[in-house]
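Listed below, chain by chain, are the residues.
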Amino acid sequence: MSVLATLVTAAQPVPVPAPPAPAATITQPPISYPAIMPILIILGAACVGVLFEAFLPRHNRIAAQLVLSVLAILVAGWRLLSYADEMPETGTITLGRALAVDKPTLVLWATLLVLTIGALILMADRTVERGGYFVADAAVRPGTVQDRAQAGRGEMQTEVFPLALFALGGMMVFCAANDLLTMFIALEVLSLPLYLMCGLARRRRLLSQEAAVKYFLLGAFASAFFLYGLALLYGYAGSVQLSDIANAAAGTNRSETLLFGGLGLLVVGLLFKGSVGPFHTWTPDVYQGAPTPVTAFMGACTKIAAFGGILRVLSVGFGTTSWEWRGVLWGVAIASMVIGAVLGLTQTDVKRMVAYSSVAHAGFLLIGAIVLKPAGLSATLFYLVTYGFTTLATFGVIGLVRNADGEATHLSQWAGLAKRSPLVAGTMAFLLLALAGIPLTSGFVGKFVVFQAALSDGMAPLVVVAVLASAVAAFFYLRVIVLMYFSQPAEDGPTVTIPNLWTTGVLTVCVLVTLFLGIAPSLVLDWTSSGVFALQ
Amino acid sequence: MMNLSEGAESVVAASGSLGGAWLVVLLPAIGALVLLAGGKRTNAWGHLLGCATVIAAFVYGVVMFFASTGLDAGQRVQNLHIYDWIPVNALQVDFGFRVDPLSLTFVLLITGVGSLIHIYSIGYMAEDRDRRRFFGYLNLFVASMLVLVLGNSFVTLYLGWEGVGLASYLLIGWYQDRPSAATAAKKAFLMNRVGDVGLALAIFILFQQLGTTQYTEVFAAVGDGRLSSGTLLAVTILLLLGACGKSGQFPLQAWLPDAMEGPTPVSALIHAATMVTAGVYLIARSNPIYSASPDGRLIVVIIGAITLLIGCVIGCAYDDIKKVLAYSTVSQIGYMILAVGLGPIGYGLGILHLLTHGFFKAGLFLGAGSVMHAMNDEVDMRKFGGLWKKMRITFATFTCGYLALIGFPLLSGYWSKDAIIEAAFSQGGWRGWVFGGAAMLGVALTAFYMTRLMFMTFFGEKRWEKLKSTDGREFHPHEAPAVMTIPMIILAVGSLGAGAYLAINHTLVDWLSPTLGELSEAHDSPFSTPVLTTISIALMVIGVGLAWLLVGRKPVPVEKPERVSFPVRAARRDLYGNALNEVLVARPGTWLTRFLVFLDNRGVDGAVNGIAAVFGGGSGRLRRLQTGFVRSYALTMLAGSILVLAALLMVRFS
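Thresholds applied
Residues numbered from 1 in each chain as written. Chains lettered and ligands numbered in written order. Predicted model: local features only at pLDDT ≥ 70, side-chain atom pairs only at ≥ 80, totals over all residues. Heavy atoms only, no water. Pairing = 2+ DSSP bridges. Helix = DSSP H or I, 4+ residues; strand = E, 2+ residues; numbered from the N terminus. Axes fitted to C-alpha atoms, helices over the stretch in contact; angles between N-to-C directions. Left-handed = near helix turned anticlockwise from the far one by under 90°. Contact = heavy atoms within 4.5 Å. Nonpolar A, V, L, I, M, F, W, Y, C, P; charged D, E, K, R; others polar. Patch = residues over 30% accessible without salt bridge, like charges linked within 9 Å, V, L, I, M, F, W, Y side chains within 5 Å. Areas by Shrake-Rupley, 256 points an atom, 1.4 Å probe, with all protein chains shown as cover. Salt bridge = Lys/Arg side-chain N within 4 Å of Asp/Glu carboxyl O. Buried < 20%, exposed > 50% of the residue type's maximum accessible area, 1.4 Å probe, protein only. Expected span 1.5 Å × (residues − 1). Core = buried A, V, L, I, M, F, W, Y, C linked by side-chain atoms within 4.5 Å. Domains from an automatic or database assignment. 1 Å grid on protein atoms, 1.4 Å probe; cavity = no way out; pocket = protein on both sides within 12 Å on 5 of 7 lines; lining within 4 Å. Points joined across faces, edges and corners; volume = space filled by probe spheres on them.

Peer 1: Just give me the short version of the sheet that holds strand S4 (residues 406-407) of chain A, but keep the residues and values in it.
Peer 2: Residue and element names in this part refer to chain A. One open sheet accounts for 3 strands, arranged S4-S3-S5; its pairing is antiparallel. Each edge of the open sheet carries a strand with a single partner, namely S4 and strand S5 (495-496). Relative to S5, strand S3 (residues 401-403) runs antiparallel, the two being bridged by 2 bridges. Each residue of the ladder has a partner; that of Arg402, found in S5, is Thr495.

Spelled out as structure tokens, the structure:
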């Protein structure tokens with residue numbers, strides 16, 4: 001364990017608190033190991049996973065990687081739960097104020113861990129397609145003879161598991177980052193593995209690689225925004241600590257061009273990750289091209305991490321200046337909801353449609369994120385939890401509908417699915433109703449609490465737009481249901497593959513959570529409203 | 001007019017058999033779950049389970065009814081707390097039921113008519129392979145509808161509201177092989193969404209202003225005058241929008257006739273007797289809000305009056321038996337909306353008409369279903385004729401419903417409709433004349449189109465003898481089996497007697513008074529009651545007579561005459577309701593979508609490429625205006641970022 005711990009600390013992205021002056025000696029800041037143990041375990045396991053890739057024979061790797069990853073997540077979850085009891089009420093700020101482990105952090109971490117287990121099990125599924133969703137040998141050029149040969153091989157690039165763990169570690173740091181530099185590093189740690197994972201699809205490899213390149217280029221573009229914003233804010237406050245920025249904004253007469261210019265650029269970088277319109281342009285292409293379990297992982301976990309970060313930055317760093325920037329984010333939220341809801345109507349591909357739905361959902365989430373009150377925080381966290389489970393299951397189901405060319409994602413191919421496979425069609429219909437926010441699903445309660453939080457903070461016009469947008473969005477969800485139930489099945493329509501027991505289990509759990517949180521949301525609501533961000 | 005009855009809001013915790021109100025919801029819900037999740041295993045006995053759960057719910061409803069009548073008036077409004085549904089910060093949504101005379105009345109209507117229609121469906125759907133699933137949906141509908149009427153807060157009502165909507169679309173689209181059914185389901189969904197948005201916004205406004213959505217607290221706060229008159233007006237209009245969507249009222253009436261694509265028992269249960277009256281329930285339930293806002297009520301009355309006339313006029317022109325009945329439903333619900341819009345003089349009358357209408361319209365639809373069953377699912381009345389000899393029970397029960405609907409003296413419709421007309425006149429001034437006159441005109445039109453329907457279907461030449469149905473079979477009309485006729489007979493008895501039973505001595509209105517307040521007496525009527533009754537009977541006779549002159553005494557052409565006068569053409573095209581929707585809603589929506597797609601795909605990149613093409617002089621570049629370029633995405637992001645930055649800085653430095 002001690003060996004692992006050293007290894008783990010070595011892998012930990014070392015946050016660099018901006019020193020006020022070049023000091024002669026740098027003393028190590030006190031570190032609360034119990035608080036950050038879940039991150040250490042996940043990143044450590046990711047490193048071990050890389051070693052597995054180097055030393056284990058190929059046919060053993062999937063099982064070993066899956067066991068390692070799931071085990072690591074379970075242990076991390078266990079440490080998280082045991083730490084939750086001993087954590088001080090106001091949270092712990094550790095690592096030289098780089099990380100803040102507080103109640104919202106724990107909620108986000110726990111959700112990320114649970115959803116990642118689900119995503120990993122989907123990634124490891126090899127029953128829906130021989131060899132699994134991932135390419136056997138990513139180095140082979142698409143379209144060549146070797147490529148056709150490898151498409152039939154029953155192997156896969158098992159590097160996705162350590163990559164997923166690295167991404168998860170990055171997301172966890174991102175949610176907890178208390179200064180902007182740590183946040184930036186976490187952003188890169190979570191993004192780089194995702195870029196790679198997007199390009200590893202077994203079928204339609206050109207589309208997949210194109211998605212990866214697009215995501216990478218646009219992600220780099222957005223990171224540059226973030227970094228530039230960070231630099232401006234450092235220039236303004238002389239610190240990258242969120243709380244220092246808030247203090248500086250509260251009581252100085254420095255150049256506010258720096259403050260708001262910096263905030264604007266920073267926010268653009270964050271909104272990009274949360275696929276909030278009009279910074280959503282990558283979303284449909286990447287969701288469509290990436291291997292479906294990766295899309296599920298991105299759709300659920302990246303959204304949670306991104307909004308965890310947005311919530312913290314806005315409420316800890318910029319709470320004091322909210323009345324000046326709030327109007328702008330109103331506009332962004334409206335743009336996102338309208339773009340998502342209206343463009344979703346014109347999509348003919350299921351994955352792209354869900355991508356636009358995620359843009360609309362990002363708009364709803366942003367409404368909750370700009371409330372900046374405990375009610376807004378707890379509502380947004382709750383929405384994130386519900387949205388994560390529903391999205392994971394939705395993509396899980398999409399991955400099951402296949403024909404000879406792989407996944408059949410064109411809407412016309414879904415016609416009459418209910419006749420071929422009532423269970424899958426029923427599950428999908430339920431999930432779509434949850435995304436639309438019909439009562440007795442978690443989606444309804446999520447929207448309800450976010451809207452009521454926004455109302456209690458005087459954002460009635462925004463809620464009106466949101467209700468209208470969700471009414472429009474409901475139509476394209478219904479379109480799929482109508483297609484599945486009320487259309488004649490196509491002649492050479494797709495078949496529904498029966499997944500293995502584990503995948504079935506993941507889908508069942510997600511659907512049950514979606515239902516349960518619609519009927520009895522109080523358990524999770526109590527949990528998400530149990531505390532606020534640590535301020536220091 | 002403004003006297004809110006005192007003590008109407010004393011709510012006690014539910015006890016005794018009323019404490020088991022959850023049982024009436026649970027029974028059909030379990031039925032739906034077993035039938036929909038059980039799959040083919042339940043095929044053999046599924047329909048029986050479906051009926052049993054609803055009948056059991058009805059029996060328990062009757063038990064609750066008698067338990068409630070045994071109580072003092074002040075004890076009849078009971079609250080049944082089940083659990084805290086959404087407890088978060090300031091918002092406490094309590095999942096619970098309010099058992100009071102209004103909700104119990106609806107429970108009896110829903111489970112009673114529901115039981116009869118379930119039994120009828122055993123026969124009607126006997127040849128459908130998916131009969132079990134049909135009963136599953138019906139049970140789902142009954143459970144949702146019961147949640148809607150029993151809920152003790154606006155959010156619980158919304159839960160049931162969406163649930164009945166869902167069941168309704170599933171059932172409208174039942175005949176999957178007909179594209180028209182899918183279109184109709186979609187249309188119903190869309191128009192209902194418009195209404196649902198109104199309801200959702202009303203709920204949010206109530207929450208924002210009062211911090212609660214429980215009926216008890218909302219009504220108490222409204223009674224204390226905590227809402228400004230502007231807010232009250234907004235809430236009343238938004239609630240009305242919700243009611244218009246669900247109840248097929250102007251301007252959202254167009255989906256209801258199309259919904260007749262569903263199986264006939266569905267039309268009878270959902271689109272005539274119960275779900276479409278949810279709008280009336282909503283307004284009656286919110287009576288403290290409407291009582292406090294005279295302007296809001298005026299809008300309700302206007303909508304009701306417009307709808308009742310639209311429904312009558314269009315009903316005169318259609319040849320499809322179910323669509324005529326559907327427009328008749330639109331028009332009768334217009335009467336109910338008009339009644340509840342009159343305020344304390346009308347709430348109880350609206351519910352009275354709702355109940356009598358539930359009986360006779362369900363009976364009429366079942367009769368139409370029986371005719372269709374006999375005529376190879378044909379709905380065109382021009383192909384019917386002379387059926388009374390072939391189907392005597394159907395004819396007799398249908399006639400009862402017909403007479404009740406047109407307001408034949410002493411039958412159900414007479415009691416409830418005349419009371420509404422009288423109340424409408426009694427508002428005095430121009431309102432009395434306009435709305436009372438509209439309601440009065442409706443009587444003549446109703447008599448006309450229903451008599452036309454009777455003549456074309458049951459009397460005259462047997463036109464079907466020379467025709468074949470669209471699938472090439474000959475027509476052999478025959479009476480339906482007992483499992484179908486018995487429910488029709490029971491409903492016919494209701495059509496004859498329910499009105500008298502409920503209206504004489506104000507039985508129903510007094511029973512409802514703990515919820516709706518005492519019925520205020522009408523004052524300013526320009527006519528005395530006997531005069532009004534005489535006029536309305538005279539108008540009814542004129543309507544019947546006109547129908548005989550124009551339809552009954554002449555042979556009916558089998559083909560629809562195309563060269564007709566403008567009013568008939570307009571009525572055949574639903575008085576251009578669809579065209580209106582198209583212009584006002586559909587086209588702007590299409591334009592917005594196109595515009596956004598253009599921006600998303602081509603806008604930015606297109607501008608750049610377009611400029612390049614212009615300067616380079618090469619038109620070949622224009623051909624490359626394809627989508628999916630990273631640079632165009634990056635440009636969109638850049639444009640967005642510039643906007644965000646500019647806005648931030650402008651807010652700060654303007």
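Peer 1: Describe the packing of helix H15 (residues 374-398) of chain A against helix H20 (residues 501-519) of chain A, naming the residues involved and giving the relevant values.
Peer 2: Relative orientation and spacing of two packed helices are given, respectively, by the angle between their axes and the distance between those axes. Residue and element names in this part refer to chain A. Here H15 crosses H20 at 145°, and the two axes come no closer than 9 Å. The hand of the H15/H20 crossing is left-handed. From H15, Phe382, Val385, Thr386, Phe389, Thr390, Leu392, Ala393, Gly396 and Val397 reach across to H20, where they touch Val506, Leu507, Cys510, Val513, Thr514 and Leu517. Split by residue class, the contact of H15 with H20 holds 11 nonpolar, 4 polar and no charged.

Peer 1: Please set out a nonpolar patch on the surface residue by residue, giving values where relevant.
Peer 2: Residue and element names in this part refer to chain A. Nonpolar side chains collect at one region of the surface, where Val67, Leu71, Leu74, Val75 and Trp78 lie side by side and expose about 500 Å² of accessible area between them. Mapped onto the secondary structure, Val67 falls in helix H3 (residues 58-86). Here Val67 falls in the exposed class, since its relative accessible area comes to 53%.

Peer 1: Break down the side chain of Thr158 of chain A for me, citing the residues and quoting the values.
Peer 2: Residues and elements named next belong to chain A. Looking at where Thr158 falls in the secondary structure, it is placed in the loop between helix H5 (145-151) and helix H6 (160-176). Take Thr158: its relative accessible area is 3%, and that puts it in the buried class. Aside from chain neighbours lying at most four places away, what touches Thr158 is Glu53, Arg61, Ile62 and Gln65.

Peer 1: Residue-level account of helix H8 (residues 205-237) of chain A, with values.
Peer 2: With 33 residues, H8 of chain A extends 47 Å from end C-alpha to end C-alpha; this agrees with the ideal 48 Å at 1.5 Å per step. Once H8 of chain A finishes, Gly238 of chain A follows within two positions and takes phi at roughly 70°, a positive value.

Peer 1: A description of the nonpolar core should follow, citing residues and the corresponding values.
Peer 2: Judged by nonpolar contacts, the single largest core of 405 residues is most densely connected at Leu180 of chain A together with Phe154 and Ile289 of chain B. Looking at this core, the element that brings in the most residues is helix H19 (residues 460-486) of chain A, giving 19 residues. Two domains each provide a minimum of three residues to this core, namely domain 1 (303-572) and domain 2 (583-653) of chain B. When neighbours within four sequence positions are excluded, Leu180 of chain A is seen to be in contact with Phe226, Leu230, Leu233, Val240, Leu242, Ile245, Leu266 and Val313 of chain A.

Peer 1: Can you explain empty space enclosed by the protein? Please cite residues and give values.
Peer 2: Any empty space left between atoms is shown by rolling a water-sized probe over those atoms. A full pass over the atoms with the stated rule returns 10 cavities of 30 Å³ or more. Considering only enclosed or pocket space, the largest cavity measures out at about 230 Å³ in volume. Together, 18 residues line the largest cavity, and Gly437 and Phe444 of chain A together with Tyr158, Ala200 and Phe204 of chain B are the ones closest to its centre. Contributions of two or more residues to the lining of the largest cavity are made by helix H18 (442-456) and H19 of chain A together with helix H5 (154-172) and helix H6 (179-210) of chain B.

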